[in-house]
Amino acid sequence: MPMSFFLDSQTLDAIALTLRLATLTALVLLFLATPLAWWLAQSTSRWRSVIAALVAMPLVLPPSVLGFYLLVALGPQGPLGRFTQAMGWGLLPFTFSGLLLGSVVYSLPFAVQPIQNAFESMGRRPMEVAATLRASPLDAFFTVALPLAQPGLWVAAILSFAHTVGEFGVVLMMGGNIAHQTRVVSTEIYGHVEAMEYAQAHELAAGMLVFSFGVLWLLSFFKTERMRWWR
Amino acid sequence: MGTMRQITILLMLWALTALAQANEVLVAVAANFAAPMQKIAQQFEQSTGHKAVLSFGATGTFYAQIKNGAPFQVWLAADDETPLKAEQEGWVVPGSRMTYAIGKLVLWSKQPGRVDDSGNVLLSATADRLALANPKLAPYGAAALQTLSRMGVLPLWQPRLVEGQNIAQTYQQVASETVPLGFVALSQVMVEGKIAEGSAWVVPERWHDPIRQDAALLVRGRDQAAAQALLTFLRSEPAQAIIRSYGYALPVSSRAH
């Protein structure tokens, strides 16, 4: 049906919201994961393994379980919920900020691990050379370590973006699947399937499929071609 | 003068959007009632001017969300126990609960002629697998288990049961013919008042406790005219016709409990 190519406002809102959420999640994660990955790559502290395990937790927790604990912790009776209320930020569940927070937690390992790998594979040598040239550690980090880790940063950004687009359990639990507010593409598909509107569900799912393929293709491009060009 | 007029127009527009928002009601809808509720919401908007914004999900999820500050104002649950529990805990406006639909259980197969219209197919082991929804989580699953047990054929079928996570999953297992026979909701296999394909036995009500689906006014919707109006509209003739056309029964007198 040609008519079905004209998406209704609810679907357009869901697509726009998904893209906004995924972009912001990737940006926030780049700022958050880079120092964390640097610390994990450099530190010899005995807390290192504990923090590394905590960062990897979202990989093994079922998304709906993670979503449930975030919902309870950020709810009116939860410790974090009391904190956000005391700070005058209100309650985060069922808002866009809540979705963003949930997505950042959920995609954290996908951002930290590629950056950490990039820092680790660089070795200590470049930083030592920078130090002998009298670069301050901070200066060396920005002018030596970060540029060397650039492919890892790209992989982290793409992976956390794609992972957020595909997330379902966390956003359904924390967002409540409210039209025009917290309904993203994945929860929109769920609604169509439950309402037995398979045509609309197939359309959106096909879009997701094409999109995911594009992202994964871009990813392998960054991992192989781009690296080759730099050498 | 021009600026004054612009400000007035802006103020009027702002007032209009504020009004439009006041007429919106946020509704948490049991996933199995998604299709009829979309139709009801359209009619509701046409006849009252209020807009129902629907969210679909599992009843257990909604319960957790409502306890944790979800903005929903009206709740259409898939059972009658969860809204009762929510009322006892103070999340539901007392006295607002009502049964909006009664689910009908059906034994269904994709193959024509496989299921007879008195359920005799269950009396012997006619299939190696029988699908039903998780009886602990899904009211239709609990009703299916009761039916097997009251017919005295539970021991026969127990080793052959395939449990779906919810009634939607069970439907998919039977519809894809992964499982030859299964207990699903009549609303899932009925199209325009008829069972669309395969063969089916609508399980008589005496074989299981009624599958009541209750609606409730949530505390967030207490002073919301649109929320109250939606609950009233659910009992109206046009809404009830839609509910019946999707294979649900209605309580004899559908008043509040």
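Residues numbered from 1 in each chain as written. Chains lettered and ligands numbered in written order. Predicted model: local features only at pLDDT ≥ 70, side-chain atom pairs only at ≥ 80, totals over all residues. Heavy atoms only, no water.

Examining the interface of chain A and chain B
Phase 1: The partner chain B presents 23 residues to the 22 residues of chain A that form the contact.
Phase 2: Between chain A and chain B lies a buried interface of about 1800 Å² when both sides are counted; carbon and sulfur atoms form 61% of it.
Phase 3: Counting the surface chain A buries against chain B, the share from its top three residues, F94, E194 and M196 of chain A, is 27%.
Phase 4: Across the contact surface, chain A and chain B share zero salt bridges.
Phase 5: Our count for the chain A to chain B interface comes out at six residue pairs in polar contact (both at pLDDT 80 or more).
Phase 6: Those elements that provide at least two residues to the side of chain A that touches chain B are α3 (63–74), α9 (169–175) and α10 (185–194) of chain A.
Phase 7: Residues that form the side of chain A that touches chain B fall into these classes: 15 nonpolar, four polar and three charged. (Contact = heavy atoms within 4.5 Å. Buried area = accessible area lost by both parts, 1.4 Å probe. Salt bridge = Lys/Arg side-chain N within 4 Å of Asp/Glu carboxyl O. Polar contact = N/O pair within 3.5 Å; in protein donor to acceptor, adjacent residues only side chain to side chain. Helix = DSSP H or I, 4+ residues; strand = E, 2+ residues; numbered from the N terminus. Nonpolar A, V, L, I, M, F, W, Y, C, P; charged D, E, K, R; others polar.)

Regarding the confidence of the model for chain B
Interpretation of this model should avoid reading the predicted coordinates in detail wherever pLDDT is low.
Residue and element names in this part refer to chain B.
Phase 1: For chain B, the mean per-residue pLDDT works out to 89, and 89% of the residues sit at or above 70.
Phase 2: Averaged pLDDT values over the elements of chain B bottom out at 55 in helix α1 (residues 2–22) and peak at 97 in strand β3 (residues 74–76).
Phase 3: Predicted complex metrics record ipTM = 0.78 and pTM = 0.81. (pLDDT = per-residue confidence, 0-100.)

What about a nonpolar patch on the surface?
Residue and element names in this part refer to chain A.
Phase 1: There is a patch of nonpolar side chains on the surface, built from W39, W47, V50, L54, M57, L59 and V60 and spanning about 690 Å² of accessible area.
Phase 2: Broken down by element, the nonpolar patch gets its largest block of residues, five residues, from helix α2 (residues 48–60).
Phase 3: Locating M57 in the fold gives a position in helix α2. (Patch = residues over 30% accessible without salt bridge, like charges linked within 9 Å, V, L, I, M, F, W, Y side chains within 5 Å. Areas by Shrake-Rupley, 256 points an atom, 1.4 Å probe, with all protein chains shown as cover.)

Digging into the packing of aromatic side chains
Phase 1: Applying the stated criterion to the full structure yields 14 aromatic pairs over all chains.
Phase 2: Judged by centre distance (6.0 Å) and plane angle (50 degrees), the rings of F161 of chain A and F211 of chain A are tilted. Taken as a pair, F161 of chain A in helix α8 (residues 150–165) and F211 of chain A in helix α11 (residues 198–223) lie far apart in primary sequence, 50 residues in all.
Phase 3: By relative accessible area, F161 of chain A is classed as buried at 19%.
Phase 4: In this structure F211 of chain A comes out as partly exposed when scored by relative accessible area, which is 29%.
Phase 5: Between the aromatic rings of F44 of chain B and F233 of chain B, the centroid separation amounts to 5.6 Å while the plane-to-plane angle is 55 degrees, which identifies the pairing as tilted. Here F44 of chain B is found in helix α2 (residues 34–48), whereas its partner F233 of chain B is found in helix α9 (residues 225–234), with 189 residues between them in sequence.
Phase 6: Judged by relative accessible area, F233 of chain B falls into the buried class, the value being 9%.
Phase 7: By way of ring pairs, the aromatic residues W38, F119, F141 and F142 of chain A are connected into one cluster. (Phe/Tyr/Trp six-rings, centres within 6.5 Å; stacked < 30°, edge-to-face > 60°. Buried < 20%, exposed > 50% of the residue type's maximum accessible area, 1.4 Å probe, protein only.)

Focus: the pattern of salt bridges
Residue and element names in this part refer to chain B.
Phase 1: Enumeration over the complete set of coordinates arrives at three salt bridges over all chains.
Phase 2: Among the salt bridges present, the one from R97 reaches E87, with a minimum N-O distance of 2.7 Å. With R97 in the loop between α4 (81–88) and β4 (98–103) and E87 in helix α4, this residue pair connects regions lying ten residues apart in the sequence.
Phase 3: When the shortest N-O distance is used, the salt bridge between D209 and R150 registers 3.1 Å. Highlighted residues: D209 in the loop between β11 (199–202) and β12 (211–217) and R150 in helix α5 (residues 139–150), separated in sequence by 59 residues.

Section: the sheet that holds strand β6 (residues 130–133) of chain B
All names here are of chain B.
Phase 1: With mixed pairing, the five strands of this open sheet are ordered in space as β7-β6-β8-β5-β11. The open sheet is flanked by β7 (161–164) and β11, the only strands paired with a single partner. Taking each pair of neighbouring strands and ignoring which way they run, the sheet shows an average axis angle of 30 degrees.
Phase 2: Sheet strands touched by α5: β5 (105–109), β6, β7 and β8 (181–185). Its angle to β6, the strand with the most contacts, is close to 135 degrees.
Phase 3: Set on the sheet, helix α7 (residues 167–175) makes contact with β5, β6, β7 and β8; between it and β8 the angle comes to about 140 degrees. (Pairing = 2+ DSSP bridges. Axes fitted to C-alpha atoms, helices over the stretch in contact; angles between N-to-C directions.)

Notes on the nonpolar core
Phase 1: Counting residues in each nonpolar core, the largest one holds 62 residues, and the members touching the most others are F33, L122 and F183 of chain B.
Phase 2: Counting residues in hydrophobic clusters, the runner-up holds 24 residues, among them W38, I115, M127 and F141 of chain A. (Core = buried A, V, L, I, M, F, W, Y, C linked by side-chain atoms within 4.5 Å.)

Focus: the sheet that holds β4 of chain B
Residue and element names in this part refer to chain B.
Phase 1: Across the sheet, which stays open at both edges, the five strands sit in the order β2-β1-β3-β12-β4 with mixed pairing between neighbours. Looking at strand neighbours, the two that pair on one side only are β2 (51–57) and β4, the edges of this open sheet. Adjacent strand axes in the sheet meet at a mean angle of 20 degrees, parallel and antiparallel pairs treated alike.
Phase 2: Sheet topology places strand β1 (residues 24–30) next to β2; seven bridges connect them, and they run parallel. For V25, the partnering residue across the bridge sits in β2 and is A52.

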